[in-house]
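Structural characterization, general
Okay, here's what each chain looks like letter by letter:
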Amino acid sequence: MAENKRVPVGVDPFRPNPARVYNYMLGGKDNYDADRDYGDRMLEVAPDTKITAWHSRQFLLKSVRLAAEAGIRQFVDIGAGIPISPNVHEVAREIEPTAIVASIDYDPVVHAHSNALLTGAPGVTPILADIREPDKLLELAHTEAGIDFAQPVAFLIVGVLHFVMDDESPYEAVARFREAMAPGSLLIIQHASVNTHPFFMNATTSNAAGTPSQPNFRTPEQVREFFDGLEMLPPGLVPANEWLEGELKPTRLVVLCGIGRKN
Ligand SMILES: C[S@@+](CC[C@H](N)C(=O)[O-])C[C@H]1O[C@@H](n2cnc3c(N)ncnc32)[C@H](O)[C@@H]1O
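What you see is a predicted model, and the numbers here were worked out from it, not measured in a lab.

**Looking at the environment of E245**
Along the chain, the position of E245 falls in the loop between α10 (240-243) and β8 (255-261). Judged by relative accessible area, E245 falls into the exposed class, the value being 64%. Separated by 80 residues in the primary sequence, E245 and M165 have C-alpha atoms spaced 32 Å apart. A polar contact of 3.0 Å, which involves the side chain of E245, links it to the side chain of K62.

Below, the structure written as structure tokens:
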């Protein structure tokens, strides 16, 4: 991981950390003043960002249910974030009691929380790994969490790829995951869209330039490319609110969600 420049370093309570800011947006308690101040600045520009975070989390949990109901019992959750209940393994194991989850994040803050909160929980293994190093990540998912890539797997990459810049090979990484997936596997992605309100894009892009929080908003066509060769499940690649039940309103921060199946 050392060769990548934009990586979170240790636990610094005085600088906002993306995983803790997201935890704040979801109403979690694992965050500091610096994270809440940064989150509040985002809320000033787009007051409905907490709603986007909630939509995104509901999409994640709905996808896990859909995958488990389809008989998938292995989950590779990349950029898993600080544990917040209900977690992926809890939802999956309600439907498929033998389900296992590789809960992966590159942030030592997240890893420390995951070790503290998940150690001893059945079926989940916290792993420190970077999506920008796909071969190493796949190897650790196999050796540490026992993921068998000869069997169907659900890859969850929710709220992560927009933190990977174009020169950090995001398409190559996801292509490597698609290649590793057995038939019947699912690729589940949430990604920030260029259709987001320009004020929000300008504010977050300039506030976070050069840091691990720097977002890269992509077009729907660019996000669609991550699913190359897969069958898209209905309703396709759409904003998070459109994936959920009911008539939920669009938000200023637009995140696109999609599920692709390998046949
Ligand atoms: C917005 S949170 C999403 C959390 C979770 N997926 C969810 O939907 O609730 C993004 C997470 O991605 C992680 N992340 C960002 N870049 C990453 C990378 N290169 N490799 C692995 N994790 C990364 C961050 O540390 C953070 O915990």
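Past the structure itself, the notes keep going.
**Observations concerning the pairing of strand β5 (residues 186-192)**
Counted residue by residue, β5 has seven buried out of seven residues, so it is predominantly covered. Going residue by residue along β5, you find L186, I188, Q190 and A192 tucked away on one face and L187, I189 and H191 tucked away on the opposite face as well. Of the strand pairs in this sheet, strand β4 (residues 154-158) and β5 are connected by five bridges, and their pairing is parallel. Counterpart to L156 in the pairing with β5 is I188. Between β4 and its parallel partner β5, the chain crosses via helix α7 (residues 170-180), and the hand of that crossover is right-handed. Bridge analysis of β5 against β8 gives seven bridges, and the strand direction is antiparallel. The partner of I188 across the bridge, within β8, is I259.

**Quick notes on α7**
Every buried residue of α7 is listed here: P170, A173, V174, F177, R178 and A180. The buried residues of α7 occupy one face: seen down the axis, they fall within an arc of 165 degrees. Every exposed residue of α7 that faces more than 90 degrees away from the buried side is listed here: E172 and E179. Lining the buried residues of α7 we find β1 (74-78), α6 (134-145), β4 and β5.

**Comments concerning unusual backbone geometry**
A cis amide bond links S85 with the next residue in sequence, P86, at an omega value of 0 degrees. Tracing the chain through its elements places P86 in the loop between β1 and α4 (88-95). Between P234 and the following residue, P235, the backbone shows a cis peptide bond with an omega angle of 10 degrees. You will see that S169, though not glycine, has its phi angle at about 60 degrees, which is positive. Among the structural elements, S169 can be located in the loop between β4 and α7.

**Describing the nonpolar core**
Ranked by internal contacts, the top residues of the largest apolar core, which has 41 residues, are F75 and I188. Top contributing element to this core by residue count: helix α3 (residues 49-69), with seven residues. Not counting residues within four places of it along the chain, the set of residues in contact with F75 comprises V64, A67, A68, V88, A92, A99, I100, V101, A102, I147, A154 and L156. With 33 residues, the next largest nonpolar core counts L140, A141, F149 and V160 among its residues.

**What about the site of the ligand?**
By nearness alone, 18 residues border the ligand, and R57, G79, D105, D130 and V158 come closest of all. Between the ligand and V158 there is a distance of 2.9 Å, counted from a nitrogen atom to a backbone nitrogen or oxygen. In the complex, 96% of the free accessible area of the ligand, which totals 600 Å², lies under the protein chains. Grouping the amino acids of the shell around the ligand by side-chain chemistry returns 10 nonpolar, three polar and five charged.

**A word on the packing of helix α1 (residues 18-25) against α3**
The contact between α1 and α3 brings their axes to 9 Å, and the two run at 95 degrees. By the angle between their directions, the pair α1 and α3 is classed as roughly perpendicular. Facing α1, whose interface residues are Y22, Y24 and M25, α3 presents T49, K50, A53, S56 and R57. Taken together, the residues that form the contact of α1 with α3 break down as four nonpolar, two polar and two charged.

**Side note on the packing of aromatic side chains**
Using the criterion set out here, one finds four aromatic pairs in the structure. Summarising the aromatic geometry, the rings of F155 and F177 are spaced 5.1 Å apart at their centres and angled 20 degrees between planes, so their arrangement reads as stacked. Placement of the pair is F155 in strand β4 and F177 in helix α7, with a sequence separation of 22 residues. Overall, the relative accessible area of 0% leaves F177 in the buried class. Each ring, one from Y171 and one from F226, has its centre 4.3 Å from the other, and the planes form 10 degrees; the classification is stacked.

Conventions used here
- Residue positions are given per chain, counting from 1 as you read along its sequence in written order.
- Where totals are concerned, whole chains, interfaces and linings use all residues; where local detail is concerned, this predicted model gives features only for residues with pLDDT of at least 70, and gives and counts side-chain atom pairs only at 80 or more.
- Side-chain numbers here rest on the full set of heavy atoms in the structure, without hydrogens or water.
- The numbering of helices and of strands both runs from the N terminus, where a helix is a DSSP run of H or I of at least 4 residues and a strand a run of E of at least 2.
- Summary of the burial criterion: residues with accessible area below 20% of their type's maximum are buried, those above 50% are exposed, and those between are partly exposed, where the area comes from a 1.4 Å probe applied to protein chains only.
- The definition of a polar contact used here is a pair of N or O atoms within 3.5 Å, where within protein one atom must be able to donate a hydrogen and the other to accept one, and adjacent residues in sequence count solely through side-chain atom pairs.
- DSSP bridges decide pairing: two strands pair if at least two such bridges lie between them.
- Seen with its strands pointing away from the viewer, a crossover is right-handed when the path leading from the first strand over the helix to the second is clockwise.
- By construction, the arc corresponds to the directions joining the helix axis to the C-beta atoms.
- Residues count as neighbours in contact if any of their non-hydrogen atoms are within 4.5 Å of one another.
- Here, nonpolar core means buried Ala, Val, Leu, Ile, Met, Phe, Trp, Tyr and Cys residues that are tied together by side-chain atoms lying within 4.5 Å of each other.
- Throughout, near means a residue has at least one heavy atom within 4 Å of the molecule or strand.
- We get accessible surface area from the Shrake-Rupley algorithm with a probe of 1.4 Å; when it comes to residues, only the shown protein chains can shield them.
- By the convention adopted, Pro, Cys, Tyr, Trp, Phe, Met, Ile, Leu, Val and Ala count as nonpolar, Lys, Arg, Asp and Glu as charged, and the other residues, Gly among them, as polar.
- Where helices are involved, their axes are fitted lines through C-alpha atoms of the stretch in contact, as for all axes, and angles between N-to-C directions lie from 0 to 180°.
- By definition in this entry, angles of less than 35 degrees are roughly parallel, angles greater than 145 are roughly antiparallel, angles of 65 to 115 are roughly perpendicular, and the rest are oblique.
- By convention, a stacked pair of Phe, Tyr or Trp rings (six-membered ring in the case of Trp) has centres within 6.5 Å and planes under 30 degrees apart, an edge-to-face pair has planes over 60 apart, and any other such pair is tilted.

None of the figures reported here should be taken as evidence of function without further support.
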